[in-house]
Amino acid sequence: MKKKVSFTESIVILAILLVILGISVIKFRLSPEVPVLFTVILLTFWAKIRGFSWQDIQNGIKEGIGVAIIPIFIFLLIGALIGSWIKAGIIPSIMVLGFKLINGNFFVPSVFLVCSVIGIAIGSGFTTISTVGIALFGIGISMKANPALVAGAIVSGAVFGDKMSPLSDSTNLSAAVAESELFAHIKNMMWSTIPSFIISFILFWILGNSGQMDVSKITQTSNVLQSHFFISWWVLLPIALMLFCAWRKIPAIPTLFINITATVIMILIENPHESVTSLNNLIMNGFVAKTSSATVNTLLSRGGISSMMGTVSLIITTLSLGGLLMKFNIIQSAMEPLIKYLKKPASLITVTILSGISINLFVGEQYLSVILPGRAFKPAYTKMGLSPLALSRVLEDGGSVINYLIHWGVAGSFAASTLGVPVLAFLPFTFFSLLSPLFSILSGVTGIGLKWAEKPKQK
């Protein structure tokens, strides 16, 4: 016969799970999917020993995954959209535009701007850092700029772009966990994102180094893009269309449908002889760049439905874990003594952000820092009368952007190894990631930009 899970038992279970995940991801550098799946298996055996039925276990998994069915479908559409955007010349045109922003007299702030623009265009901080970021870092070294400062500008821009892009998996995940609408979530994030961006830009402007720079690498990359892709202002039409749909509050799925259709039409206009087979392969497997530049090939060989399956598998396993923890009241029992003291939005938001930072520290995994606090604190936000948008913004500000500042975190270790600068060296200069949680807490304290749930309309 099943029993109520006590506070002590809940804490022990959560501690064991976090230790397993932390050792697997941080010490052994394992991909998180298998360790998460292993914790789901352990939790299943524990549930049977405690008297829960197989039906309870299955329902927990189903309820956990249920919140992400629509976002998972959105992920697949985003994969299709990325490949078609590259083929149509949309992302290459944004890159060429971004490269024109590079200025030797204001090199560091222009690096921040370029990485921000390209990050929004491709929706991946990792890809921005490992391609454009490396090129810009090389230019900075040739100018004898502070390597840690340049790395901080690159990471800050990449994180901003990843956070504000509708193509970003972490942005879609935060909206999914909080059950908020994607474009409304992105719009609401501006309350903490825009101040963080502006102050970061000012700080990079003050600290940035001026001098002569060798733009040969940027010029070479730009020439490769212009010779292999259709570069024009009119290819930005789908972006304008996406912004229009967001302004009209059209949901994400029809917005992506419209955008994919418009982009395919553009591809057919640019290449009238494009076959149905090649378009099918583009949407399914993404675009494969075949240029003379290895950097461009790495950056633009992306997209496709199949490219999203790794992200989808991690989300399914992680949400299954979260669903079981909620079904067996483990999270509720562990958080109950704390939540009853959270009477105001400021304290609730602060604790949520600290929870995301703590999971980044103990586990080092970006998605878990969003999913576990999101599942734990969502009832408290609902009870306080806050909108799901308030939670989704906090999950980004305290979860996904912080992982780049953790030496053993997946994102932090990737950035450090890619740029060759230790996390502790560029951490003080990654202003955007440092400021985002502070402005989120400030929003909770002042109430500025804080979204409350809409009251049901009376008949």
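Up top is the structure these notes are about.
The structure displayed is predicted, hence computed values, not measured ones. (Residues numbered from 1 in each chain as written. Predicted model: local features only at pLDDT ≥ 70, side-chain atom pairs only at ≥ 80, totals over all residues. Heavy atoms only, no water.)

**Quick look at the packing of helix H1 (residues 7–27) against helix H17 (residues 330–339)**
Here is step 1: Their axes nearest at 8 Å, the elements H1 and H17 cross at an angle of 115°. Here H17 runs roughly perpendicular to H1, going by the angle between their axes. Where H1 crosses over H17, the handedness of that crossing is left-handed. For the pair H1 and H17, contact is made by Phe7, Ser10, Ile11, Ile13 and Leu14 and by Ile330, Ser333, Ala334 and Pro337, respectively.
Here is step 2: Here the residues of the contact of H1 with H17 sort into seven nonpolar, two polar and no charged. (Axes fitted to C-alpha atoms, helices over the stretch in contact; angles between N-to-C directions. Helix = DSSP H or I, 4+ residues; strand = E, 2+ residues; numbered from the N terminus. Parallel < 35°, antiparallel > 145°, perpendicular 65-115°, else oblique. Left-handed = near helix turned anticlockwise from the far one by under 90°. Contact = heavy atoms within 4.5 Å. Nonpolar A, V, L, I, M, F, W, Y, C, P; charged D, E, K, R; others polar.)

**Section: empty space enclosed by the protein**
Here is step 1: Evaluation of the coordinates by the stated rule reveals three cavities of 30 Å³ or more.
Here is step 2: For the largest cavity, the calculated volume is near 60 Å³.
Here is step 3: In terms of lining, the largest cavity is formed by Met95, Phe99, Thr131, Val132, Ala135, Ile218, Thr221, Thr295, Val296 and Leu299.
Here is step 4: Listed by contribution, the elements that provide at least two residues to the lining of the largest cavity are helix H5 (90–99), helix H7 (125–142), helix H11 (216–228) and helix H15 (294–300).
Here is step 5: Residue composition of the lining of the largest cavity, by class: seven nonpolar, three polar and no charged. (1 Å grid on protein atoms, 1.4 Å probe; cavity = no way out; pocket = protein on both sides within 12 Å on 5 of 7 lines; lining within 4 Å. Points joined across faces, edges and corners; volume = space filled by probe spheres on them.)

**A look at a nonpolar patch on the surface**
Here is step 1: Nonpolar side chains collect at one region of the surface, where Met190, Ile194, Ile198, Ile202, Ile206 and Leu207 lie side by side and expose about 530 Å² of accessible area between them.
Here is step 2: Checked against the element boundaries, Met190 lands in helix H10 (residues 182–207). (Patch = residues over 30% accessible without salt bridge, like charges linked within 9 Å, V, L, I, M, F, W, Y side chains within 5 Å. Areas by Shrake-Rupley, 256 points an atom, 1.4 Å probe, with all protein chains shown as cover. Salt bridge = Lys/Arg side-chain N within 4 Å of Asp/Glu carboxyl O.)

**Here's the deal with the packing of helix H3 (residues 54–66) against helix H16 (residues 309–327)**
Here is step 1: Where H3 contacts H16, the axes come no closer than 7 Å and their chain directions differ by 125°. The orientation of H3 with respect to H16, classified from their angle, is oblique. Once H3 is placed against H16, the crossing between them reads as right-handed. When H3 is examined against H16, the residues Asp56, Ile57, Asn59, Gly60, Ile61, Glu63, Gly64 and Ile65 are found in contact with a partner set consisting of Ile316, Leu319, Ser320, Gly323, Leu324 and Lys327.
Here is step 2: The residue makeup of the contact of H3 with H16, split by class, is six nonpolar, five polar and three charged.

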